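Structure assessment
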Amino acid sequence: MNHDNLTDEEKLRLEQEMKANVLSHMSDQKEILEYLDFTLKNFSYRYLESETTGELTVKWSMEEDQTSGKLEVIAYEEKLAQSLKTQNDQTRKGIIEMAKSFKKTDAPKVKYILGISFSDLSHDDLKLKAYAEVNWAFPNYEEHEDYMKKRNRKELLFEYKDSFEMRNNFPRELEEVCTIL
């Protein structure tokens with residue numbers, strides 16, 4: 001359908017129909033989580049997966065109340081040359097530092113995390129925290145004494161008035177979080 005020949009009234013009607021359709025299909029927490037899972041899976045394919053990581057899966061963890069939790073993808077990249085393809089200077093500098101600190105036989109790996117945390121995904125007023133982390137504190141990562149110095153992490157909070165606004169904006173905004181990868 002050619003939208004250029006539509007009147008403003010027809011465009012508004014089509015936009016309202018599309019919004020109603022999205023809102024009806026993403027009307028509860030389960031549907032919103034499935035959308036977020038799908039989006040995170042696509043981003044992990046684009047930013048994290050490689051020959052060495054293989055296909056990655058999104059892990060769901062819910063709090064007892066079942067209204068808050070997180071979706072997360074974790075990957076370990078064994079080929080440092082793959083990790084050094086990043087456009088982020090801080091990340092590249094850290095990975096180079098790590099590579100110099102270990103012998104090849106130590107098999108150093110870079111740990112990647114891409115995730116979304118949430119609380120109360122009711123139909124209106126959605127709040128999501130998206131985060132990405134590159135961690136070169138091999139071999140113990142979080143338990144490493146210099147953990148905070150040997151990672152690059154970015155977190156952003158996003159708020160949406162409804163699932164339609166989230167669906168239209170979240171992937172573009174998630175791109176900003178991925179700039180450290």
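Residues numbered from 1 in each chain as written. Predicted model: local features only at pLDDT ≥ 70, side-chain atom pairs only at ≥ 80, totals over all residues. Heavy atoms only, no water.

1. With respect to the overall build of the protein chain
Across its full length, the protein chain holds five helices and five strands. Counting from the amino terminus, helix and strand elements in the protein chain follow one another as α-α-β-β-α-α-β-β-β-α. Here the protein chain holds 181 residues, and the buried ones make up 41% of them. Counting only contacts in the protein chain whose residues sit at least 6 apart along the sequence, the fraction spanning at least 24 positions is 63%. When the accessible area of the protein chain is evaluated, it comes to approximately 10800 Å², of which 48% is carbon and sulfur surface. (Helix = DSSP H or I, 4+ residues; strand = E, 2+ residues; numbered from the N terminus. Buried < 20%, exposed > 50% of the residue type's maximum accessible area, 1.4 Å probe, protein only. Contact = heavy atoms within 4.5 Å. Areas by Shrake-Rupley, 256 points an atom, 1.4 Å probe, with all protein chains shown as cover.)

2. Here we look at helix α4 (residues 89-101)
Given a rise of 1.5 Å per residue, 13 residues ought to cover 18 Å, and the 18 Å separating the end C-alpha atoms of α4 matches this to within 8%. Those residues of α4 hidden inside the fold are in contact with α3 (80-83), β3 (110-119), β4 (124-135) and β5 (151-162). Between a side-chain oxygen at the N-terminus of α4 and the backbone nitrogen of Q90 the separation is 3.1 Å; the capping residue is N88. (Expected span 1.5 Å × (residues − 1). Polar contact = N/O pair within 3.5 Å; in protein donor to acceptor, adjacent residues only side chain to side chain.)

3. Section: the packing of aromatic side chains
If you walk through the whole model with that rule in mind, you get six aromatic pairs. Geometrically, the ring pair formed by F158 and Y160 is stacked, given 6.5 Å between the ring centres and 25° between the ring planes. Both residues of the pair, F158 and Y160, count as buried. Ring plane angle 80° and centroid distance 6.0 Å describe the contact between F158 and F170, whose orientation is recorded as edge-to-face. With F158 in strand β5 and F170 in helix α5 (residues 163-177), this residue pair connects regions lying twelve residues apart in the sequence. The same class applies to F158 and to F170, which are both buried. Taken together, Y76, F102, F138 and Y141 form an aromatic cluster joined through their ring pairs. (Phe/Tyr/Trp six-rings, centres within 6.5 Å; stacked < 30°, edge-to-face > 60°.)

4. Regarding the pattern of salt bridges
Enumeration over the complete set of coordinates arrives at 14 salt bridges. A salt bridge links K41 to E49, with the shortest nitrogen-to-oxygen separation between them at 3.6 Å. Using a relative accessible area of 22% as the deciding quantity, one classes K41 as partly exposed. For E49, a relative accessible area of 18% corresponds to the buried category. A salt bridge links R46 to E175, with the nearest nitrogen and oxygen atoms 2.5 Å apart. Taken as a pair, R46 in helix α2 (residues 29-47) and E175 in helix α5 lie far apart in primary sequence, 129 residues in all. By sharing partners, the salt bridges in this structure join K129, E133, R151, R153 and E155 into a single network. (Salt bridge = Lys/Arg side-chain N within 4 Å of Asp/Glu carboxyl O.)

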